[in-house]
Amino acid sequence: MSKEITLATVKEHNKSNDLWIIIENKVYDVTKFLNEHPGGEDSLLSVAGRDGTKDFIDVGHSQDARNMMKKYYIGDLAASDIKKKVPLKEIGLAVGAIFLGITLVYLLKRGLAKN
Ligand code: HEM
């Protein structure tokens, strides 16, 4: 099993001479990569000691970049620090369906009562 690293630990490594970042719940030590990054030092420093998943994906990194990352992988983000995504879309759909159901029953009953 790969090493689990807590968010608190990652946060301690937020300087240009000691730089860890989280991408897709994996932790990377990019200290040595900083001055090689084709996207510049600033972009990496902007997510120093933090989760850079969104920024990483927004750039649309190539498969080459993804292969490069493996070299800097040092462990996985601790399970207790992994954010569970609230499935907002599903909740919205469920609420919508229930509302629609109630409205239909109401309309149906009203229609029947008239006859
Ligand atoms: C270990 C992690 C990373 C690796 C190995 C990596 C690697 C690369 C590589 C190889 C490129 C050249 C273009 C490509 O092949 O896609 C690139 C471009 C770039 N990267 Fe990263 N990157 C990493 C993390 C990040 C993060 C976390 C950010 C943002 C916070 C970032 C921002 C950028 C930007 C802005 C460019 C320039 C895109 C352009 O010129 O169009 N990178 N990166």
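Keep in mind the model is a prediction, meaning the values are calculated, not measured.

Procedures and definitions
Residues numbered from 1 in each chain as written. Predicted model: local features only at pLDDT ≥ 70, side-chain atom pairs only at ≥ 80, totals over all residues. Heavy atoms only, no water. Phe/Tyr/Trp six-rings, centres within 6.5 Å; stacked < 30°, edge-to-face > 60°. Helix = DSSP H or I, 4+ residues; strand = E, 2+ residues; numbered from the N terminus. Buried < 20%, exposed > 50% of the residue type's maximum accessible area, 1.4 Å probe, protein only. Core = buried A, V, L, I, M, F, W, Y, C linked by side-chain atoms within 4.5 Å. UniProt positions renumbered as here; feature names shortened; annotations may be inferred.

Following the criterion strictly, the structure yields two aromatic pairs and no others. Between Tyr28 and Tyr73 the ring centres are 6.1 Å apart and the planes differ by 65 degrees, which places this aromatic pair in the edge-to-face class. Here Tyr28 is found in strand β4 (residues 26-29), whereas its partner Tyr73 is found in strand β5 (residues 73-77), with 45 residues between them in sequence. Relative accessible area serves as the criterion here: at 29%, Tyr73 is assigned to the partly exposed category.

To continue, consider the nonpolar core. Grouped together as the largest cluster of nonpolar side chains are 13 residues, with contacts concentrated most on Leu19, Ile21, Ile23, Tyr28, Val30 and Leu44. If you tally residues by element for this core, the top one is strand β3 (residues 18-23), at three residues. One finds Ile5, Trp20, Ile22 and Val27 within the second-largest nonpolar core, a separate group that totals six residues.

It is worth spelling out the UniProt feature "domain: Cytochrome b5 heme-binding" (unreviewed entry) in the chain at this point. The positions UniProt marks with the feature "domain: Cytochrome b5 heme-binding" (unreviewed entry) are residues 2-78. Structurally, residues 2-78 comprises 32% helix and 25% strand, and the distance from its first C-alpha atom to its last is 10 Å.

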